[in-house]
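Letter by letter, the chains look like this.
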Amino acid sequence: MEIIPGSGNWRLILRREADGITVLRAATCDKRAVLPETLCGLPVTALGDHALSPTAAPAEGEELLVTCGGAGDPEIWTNRDLEDLTLPRSLRRMGDYALMNCGALRTLRLHDGIRIWGAAVLMNCRSLNTLHLTREEEQGDALAWFADELPWELDVTVEETDGTVFRLLFPEYREVYEENCPAHHFDYNIFGAGYPYHHSFRRKRLDLRTYDELWSGFLGMEHDEDCAVRLAFWRLRYPVELTPRAEGQYLSYLRAHAGEAAVWLVGERDMPGLAFLLRTAEPDREALSAACALARESGVSEALALLLEQQRDVAPRGLDKTFDL
């Protein structure tokens, strides 16, 4: 087995192709891992069938160990503890079941250049809820593919080719087949307000106007209020293609729920986000007091300073003490 230095740890089985490297098997002992862009002087262009699956059978190919010095116990090189994975920019094909049973995986970082998606790539990846997608020369279909594959809530950050960044939430929904015994068939039902969001694409391209037009219908259905707060907040903070009408709707909701938003941002320790909320939604004194209490309890002094300054600014002027000589 050839051993080469790297920024992380990978045990790899490779196959050299005309256009680059196909990774047949890849196992790491790291919780955060970056699959190399190049191996053996060639770009990594494909993940083979079952490539990162912890339950994959052995494969035959060229063996390579990438290490930063911590070989560790071979029994933990299984991807079972892998939580954050970055895939190569050069990747163009995902094989069948490529990430199957990566049950701890929560965050996936990839580029929008993948052209071929295998079957059941994400089978049993039930913890995966955060995507960081970097655009290539033109918008690909990666986001549409993930939104269709994963029905639960998705937190997606997109970086455009010009460096513009925006963040979206796709609320959860459930598809359920229920047995209808008298009729001897199964009824198909959809539960949750997220289904239209996961399908707000035209020819597999994200349409932000279609996405924003779903807001009123979303609020009219049974929905998670915490999700609604975060959805409105991210659209206002990163207003890519945001129309004045949609901006007004989101802002009205965020102002009505500024207290919940402030508590959430303090818990996340998102100081730029909290400063944006205070400027935009102008929480009332009650909301600020609740957020201040959380900041004190959590020891988040920077957040507490921001909140106390805002609390001073919204205090009724009649409470100011004055002295006449």
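Summarised in this report is the structure supplied together with it.

### With respect to the overall build of the chain
Looking only at helices and strands, one finds 10 helices and 18 strands in the chain. Overall, the C-alpha framework of the chain stretches about 90 × 60 × 40 Å when taken along its three principal axes. Relative to its 325 residues, the chain shows a buried fraction of 46%. For the chain, the proportion of contacts with a sequence separation of at least 24, taken over those separated by at least 6, is 59%. With an accessible surface of roughly 17,000 Å², the chain has 49% of that area assigned to carbon and sulfur atoms. If you average the places of the 34 positive and of the 53 negative side-chain charges in the chain, the two averages end up 3 Å apart.

### Notes on the environment of Leu-108
With respect to the helices, strands and loops of the structure, Leu-108 is situated in strand 10 (residues 107–111). The exposure class assigned to Leu-108 is buried, which follows from its relative accessible area of 0%. Linking Leu-108 and Leu-131, residues 23 residues apart in sequence, is a C-alpha distance of 5.1 Å. Once residues lying within four places of it in the same chain are set aside, the contact partners of Leu-108 are Leu-85, Leu-87, Leu-99, Leu-128, Thr-130, Leu-131, His-132 and Phe-146.

### Thoughts on the packing of aromatic side chains
Per the stated rule, a full pass over the model turns up 16 aromatic pairs. A ring pair is formed by Phe-170 and Phe-201, whose centres lie 6.2 Å apart and whose planes are at 10°; its orientation type is stacked. One end of the pair, Phe-170, is in strand 14 (residues 165–170); the other, Phe-201, is in strand 17 (residues 201–202), with 31 residues separating them in the sequence. Residue Phe-201 is classed as buried on the basis of its relative accessible area, which comes to 16%.

### Quick look at the pairing of strand 12 (residues 130–134)
Alignment of strand 10 against strand 12, held across five bridges, turns out to be parallel. What sits directly across from His-111, in strand 12, is Thr-134. As defined by bridge partners, strand 12 adjoins strand 13 (residues 154–159) across five bridges and the pair is classed as parallel. Across the sheet, residue Leu-133 finds its bridge partner in strand 13, namely Val-158. Handedness of the β-α-β unit built from strand 12, helix 1 (residues 142–149) and strand 13 comes out right-handed.

### Topic: a negative patch on the surface
On the surface, a cluster of negative charge is contributed by Glu-172, Asp-224, Glu-225, Asp-226 and Glu-260. Tracing the backbone through its elements, the reader meets Asp-224 in the loop between helix 4 (215–220) and helix 5 (225–237). Of the residues examined, Asp-224 reaches a relative accessible area of 41% and is grouped as partly exposed.

### Quick word on the packing of helix 7 (residues 258–268) against helix 9 (residues 285–298)
The interhelical angle for the contact between helix 7 and helix 9, taken along N-to-C directions, is 15°, at an axis separation of 8 Å. By the angle between their axes, helix 7 is roughly parallel relative to helix 9. For helix 7 against helix 9, the interelement crossing comes out right-handed. Taken together, the residues of helix 9 that come into contact with helix 7 (itself represented by Gly-259, Ala-262, Val-263, Val-266 and Gly-267) are Ala-287, Ala-291, Leu-294 and Ala-295. Considering only residue class, the contact of helix 7 with helix 9 consists of seven nonpolar, two polar and no charged.

Cut-offs used in this document
Residues numbered from 1 in each chain as written. Predicted model: local features only at pLDDT ≥ 70, side-chain atom pairs only at ≥ 80, totals over all residues. Heavy atoms only, no water. Helix = DSSP H or I, 4+ residues; strand = E, 2+ residues; numbered from the N terminus. Buried < 20%, exposed > 50% of the residue type's maximum accessible area, 1.4 Å probe, protein only. Contact = heavy atoms within 4.5 Å. Areas by Shrake-Rupley, 256 points an atom, 1.4 Å probe, with all protein chains shown as cover. Lys, Arg positive; Asp, Glu negative; His and termini not counted. Charge placed at Lys NZ, Arg CZ, Asp CG, Glu CD. Phe/Tyr/Trp six-rings, centres within 6.5 Å; stacked < 30°, edge-to-face > 60°. Pairing = 2+ DSSP bridges. Right-handed = clockwise from strand over helix to strand, strands pointing away. Patch = residues over 30% accessible without salt bridge, like charges linked within 9 Å, V, L, I, M, F, W, Y side chains within 5 Å. Salt bridge = Lys/Arg side-chain N within 4 Å of Asp/Glu carboxyl O. Axes fitted to C-alpha atoms, helices over the stretch in contact; angles between N-to-C directions. Parallel < 35°, antiparallel > 145°, perpendicular 65-115°, else oblique. Left-handed = near helix turned anticlockwise from the far one by under 90°. Nonpolar A, V, L, I, M, F, W, Y, C, P; charged D, E, K, R; others polar.

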